[in-house]
Amino acid sequence: METRIFKIDPENIDISLVEEAADILSKGGLLAFPTETVYGLGADGLNEDASGKIYSAKGRPSDNPLIIHIGKREDLNVLAKEISKNAEILMDNFWPGPLTIVFKKKEEVPYSTTGGLDTVGVRMPSHPIALELIKRSGVCVAAPSANTSGRPSPTKAKHVIEDMMGKIDGIVDGGDVGIGIESTIVDMSGDVPVILRPGAITKEMMEELIGEVQVDRVVDAKSKEELGKGDYVPKAPGMKYRHYAPKAQLIMYEGEIESVIKKIKSNIINDKKAGKVSGIICTDETMENYKATEGVIISIGTRDDESTIAHNLYGVLREFDDTDVSVIYCETFYYNGLGHAIMNRLIKAAGYKVEKV
Ligand code: TXA
Ligand code: MG
């Protein structure tokens, strides 16, 4: 299949190009486009054939539901029933933006889009190109992250090109995304709001507006075993699959930063003696410490501003895929605020390999 690239400047949007790209969605095709979180791979979410194609392009298991993206609030009425007062408050405050809300679904939403669930995840993205595209397509756009299943989510058009060229109808290149990690998912279909995936809209931000918000236990699971315990079924089916994984084994070290640095340095030296070059994910603050070692050193951002870490996270994991390191050692971050989402993604990318030092 030939994949057409639409280069669109988010600060000076060429509407005629957006219309051509939107036409792909209206006609049941597959189109990747930037959102403020990560690039999405979109198709008409109410058209079973169209959304079915997403699963084959990504190699995604069919029980993993898709998030539906809308361009205006009215479109929610087609998708969701029983919209609670608290859900309204969250939408008023965080839409358009990086928050996906899970509602009980209406019949019109096909089970092939929701992975067989009676609920549907919906979000209104704030990226100007995404919003314009969705509005002009006239459809509700199902869109998972535009990566091959299991790989790090795409935050640059070149990541989408790596994974999707030749497999989909079009790619909108709107430059790098802003946030860099996927939306927060909050399940509002039950009595108590439950976070199924942490993101830039934090638990604290939501609790300030609507009171208690719980966190699904899968989010903070510390091992694969914990995920499969008893008869527990993860509420966001996607959470049970290995995610965001670089090709090399990622190992995280938790503890006082001085001890973490010491441990990583000694690993690198030992690996070198064994004839192996390994990778290091550090921060601007700690980079200097590793300079004397011969590892592949990449800073993920500054500890002074965690949004830089979120922004660079997947790009750094993909950068290591272009090297031949077989192990990457990574520092850890605080779990609060945006750190919750950062650690959630890194721990999953590491396949739960977190060692205390
Ligand atoms: O930021 C984002 O949310 C990006 C951009 C493109 O919008 N999309 C994204 O989609 O991350 P995806 O498919 O990569 O991740 C969606 C996650 C999966 O873990 C899936 O299981 C969960 O959302 N999910 C979707 N619908 C759900 C539902 N009805 N109930 C529970 N979990 C759901
Ligand atoms: Mg994804």
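It should be emphasised that the depicted structure is a prediction, and the values quoted were computed from it without experimental measurement.

Enquirer: Please clarify how the layout of surface pockets should be interpreted in this entry.
Expert: Of the volumes computed, that of the second largest pocket is approximately 260 Å³. Along the walls of the second largest pocket sit Tyr253, Glu254, Gly255, Glu256, Ile257, Val260, Arg303, Glu306, Thr332, Phe333 and Tyr334, which together make up its complete lining. Listing elements by their share of the lining of the second largest pocket, those giving two or more residues are β13 (249-254) and α10 (257-273). Looking at the lining of the second largest pocket residue by residue, the classes come out as five nonpolar, two polar and four charged.

Enquirer: Before we go on, may I ask you to explain the packing of helix α1 (residues 15-26) against helix α6 (residues 128-137) in this structure?
Expert: Axis angle and axis distance: for two packed helices, these are the angle between their axes and the distance between the axes, and together they describe the pair. Where α1 contacts α6, the axes come no closer than 8 Å and their chain directions differ by 55 degrees. In terms of orientation, α1 lies oblique with respect to α6. The element α1 and its partner α6 pack so that their crossing is right-handed. Counting all contacts with α1, which are made through Ile15, Val18, Glu19, Ala21, Ala22, Leu25 and Ser26, the residues of α6 involved are Glu132, Leu133, Arg136 and Ser137. Classifying every residue of the contact of α1 with α6 gives six nonpolar, two polar and three charged.

Enquirer: Sorry, what's going on with empty space enclosed by the protein here?
Expert: Under the defined criterion, the tally for this structure stands at one cavity of 30 Å³ or more. Contributing to the lining of the largest cavity are Val218, Val219, Asp220, Ala221, Lys222, Tyr335, His340, Met343, Asn344, Ile347, Lys348 and Tyr352.

Thresholds, definitions, all that
- Residues numbered from 1 in each chain as written.
- Chains lettered and ligands numbered in written order.
- Predicted model: local features only at pLDDT ≥ 70, side-chain atom pairs only at ≥ 80, totals over all residues.
- Heavy atoms only, no water.
- 1 Å grid on protein atoms, 1.4 Å probe; cavity = no way out; pocket = protein on both sides within 12 Å on 5 of 7 lines; lining within 4 Å.
- Points joined across faces, edges and corners; volume = space filled by probe spheres on them.
- Helix = DSSP H or I, 4+ residues; strand = E, 2+ residues; numbered from the N terminus.
- Nonpolar A, V, L, I, M, F, W, Y, C, P; charged D, E, K, R; others polar.
- Axes fitted to C-alpha atoms, helices over the stretch in contact; angles between N-to-C directions.
- Parallel < 35°, antiparallel > 145°, perpendicular 65-115°, else oblique.
- Left-handed = near helix turned anticlockwise from the far one by under 90°.
- Contact = heavy atoms within 4.5 Å.

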